[in-house]
Amino acid sequence: MTEFATNASTPLALRSAKQTAGFPWAHLANQRVYLWSAVWGIVIASAFAFIVIVVTTGNPVLAMMALYCIGLNALTLFTIIVYKQYQSDINWEFGRGECMGIIVIIGLSVDHVVNLAMAYRHSKKDHVSLRARQAYTEAGVSILSGSVAMLSSGLALFGAQIVTFRKFAVILTSVSCLSFVSSMLVFGSLLHLAGPEDGWCDVNCWEGIYYLVCVRPFVKRRNPRERWQDAMKKVREAQQLT
C-alpha cells in the first residue's frame, strides 16, 4: 500500500488512501494454520492409534483394518463439515472447533474397533466366521452402550447457546453414529472376509516389552574379556575330554 501511495502515477486523490484489515483477513491466515494442524493431528493420532492397536491385539492386520475404519470416519466427518457450510445457519468455516473435532474423532473411533478386535483376537474358535460371531457376542453390548452414551452427551449440547458447543454437538453425534456403523458393519465385514486366523501375523508385543522393561535392565552384561575367557575355558575342557 505504501508503494501505491508514493508512486508518481497514482492520482493525488488516492495517495492518502489507507487499507484496513478486518477479521476476515486474520481468519484467512488462521484457517490455514487450523487446516495444517488438523492434518498433522490426524497423522500423529493415527500413528499412535496403530501402535496401540498392534500392542493390545498383537496383530498388525487387525490394526490395519481398524485404521481403515477410522479413516472412513474422518473422511465422512470432513464431508459433513463441508455440507454444513452450505446448509446451516451457523458459520461452519474451518476454525478451532472443526480442527479439534477432526482430531478428537480419531480417539473416539478407536474405542469401538479395539473392543471388537480384542474379542476376535482372543477367540478360541477355529474358523473366521465363528470368531467374528463370538466377537460380536462379547463386545457388541459394550460397543452399543458406548455409542449410546456418546450420542446422549452430544444431544445434550444441542441446547447450548455458544456456537462452538453446538458445533461440537454435531461432531459428537456424528462420531457416535459413524463409529458404531464402521465397527459393527465395515470392520465386521472385513473380519469375515480377511480376518487373520491360525496365528497369522501374530506379534508377541507384551513379551518383548516385558523383557525390555523388566528383564534387560537387570541382566549383568559381561565385557569381551570375560566372554573370551569363558570361550577358552570351554575349549580346554573339550580338549581334555578328547
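Look a little higher up for the structure.
The structure displayed is predicted, hence computed values, not measured ones.

Novice: Before we go on, may I ask you to explain helix α5 (residues 128-156) in this structure?
Specialist: Residue pairs three or four apart in sequence face the same way in an α-helix, which turns once every 3.6 residues. Taking 1.5 Å per residue as the helical rise, α5 with its 29 residues ought to reach 42 Å, and the 40 Å between its terminal C-alpha atoms agrees with that figure. At A139, α5 shows its strongest bend, of approximately 50°. Buried within α5 are the following residues: V128, R131, A132, A135, A139, G140, I143, S147, M150 and G154. Taken together, the buried residues of α5 touch α4 (96-121) and α6 (163-194).

Novice: Help me understand the packing of aromatic side chains in this model?
Specialist: How two aromatic rings sit relative to each other is given by the distance of their centres and the angle of their planes. This model, assessed by the stated rule, comprises 0 aromatic pairs. R131 extends its terminal NZ or CZ atom over the ring of Y120, reaching a point 4.7 Å from the ring centre.

Novice: Before we go on, may I ask you to explain a nonpolar patch on the surface in this structure?
Specialist: The grouping of L35, W36, V39, W40, V43 and I44 at the surface amounts to a nonpolar patch, some 620 Å² of accessible area in total. The topology assignment puts W36 in helix α2 (residues 23-57). We classify W36 as exposed; its relative accessible area is 52%.

Novice: I tried to follow the nonpolar core on my own but got confused; where do I start?
Specialist: Grouped burial of nonpolar side chains is what soluble globular proteins tend to show. Residues L77, I102, L116, Y120, F187 and L191 are the most contacted members of the largest nonpolar core, which totals 41 residues. Those elements giving two or more residues to this core turn out to be α2, α3 (60-87), α4, α5 and α6. Sorting elements by how many residues they give to this core places α4 first, with 11 residues.

Novice: Any chance you could explain the packing of α4 against α6 here in plain terms?
Specialist: Any two packed helices are characterised by how steeply their axes cross, that is the angle between the axes, and by the distance between the axes. Contact geometry for α4 and α6: axes closest at 9 Å, N-to-C directions at 30°. By the criterion of interaxial angle, the relationship of α4 to α6 is roughly parallel. Crossing of α4 over α6 shows right-handed handedness. Contacts from G97, E98, G101, I105, L108, S109, H112, V113, L116, A117 and Y120 of α4 reach α6 at K167, F168, I171, L172, V175, S179, F180, S183, F187, G188 and L191. Residues of the contact of α4 with α6, tallied by class, amount to 13 nonpolar, 7 polar and 2 charged.

Novice: Would you take a moment to explain the environment of H127 for this structure?
Specialist: Along the chain, the position of H127 falls in the loop between α4 and α5. We classify H127 as partly exposed; its relative accessible area is 43%. For the pair H127 and G195, spaced 68 residues apart in sequence, the C-alpha separation works out to 9.5 Å.

Novice: Which parts of the structure should I look at to understand the environment of V128?
Specialist: Summarising the element assignment, V128 is placed in helix α5. For V128, a relative accessible area of 9% puts it in the buried group. Taking the C-alpha atoms as reference, V128 lies 8.2 Å from A194; in sequence the two are 66 residues apart. For V128, the contacting residues outside a window of four places in its chain are Y120, L191, H192, G195 and E197.

The rules behind each value
- Residues numbered from 1 in each chain as written.
- Predicted model: local features only at pLDDT ≥ 70, side-chain atom pairs only at ≥ 80, totals over all residues.
- Heavy atoms only, no water.
- Helix = DSSP H or I, 4+ residues; strand = E, 2+ residues; numbered from the N terminus.
- Expected span 1.5 Å × (residues − 1).
- Bend = angle between axes of the 7 residues up to and from the residue.
- Buried < 20%, exposed > 50% of the residue type's maximum accessible area, 1.4 Å probe, protein only.
- Contact = heavy atoms within 4.5 Å.
- Phe/Tyr/Trp six-rings, centres within 6.5 Å; stacked < 30°, edge-to-face > 60°.
- Lys NZ or Arg CZ within 6 Å of the ring centre and 35° of its normal.
- Patch = residues over 30% accessible without salt bridge, like charges linked within 9 Å, V, L, I, M, F, W, Y side chains within 5 Å.
- Areas by Shrake-Rupley, 256 points an atom, 1.4 Å probe, with all protein chains shown as cover.
- Salt bridge = Lys/Arg side-chain N within 4 Å of Asp/Glu carboxyl O.
- Core = buried A, V, L, I, M, F, W, Y, C linked by side-chain atoms within 4.5 Å.
- Axes fitted to C-alpha atoms, helices over the stretch in contact; angles between N-to-C directions.
- Parallel < 35°, antiparallel > 145°, perpendicular 65-115°, else oblique.
- Left-handed = near helix turned anticlockwise from the far one by under 90°.
- Nonpolar A, V, L, I, M, F, W, Y, C, P; charged D, E, K, R; others polar.

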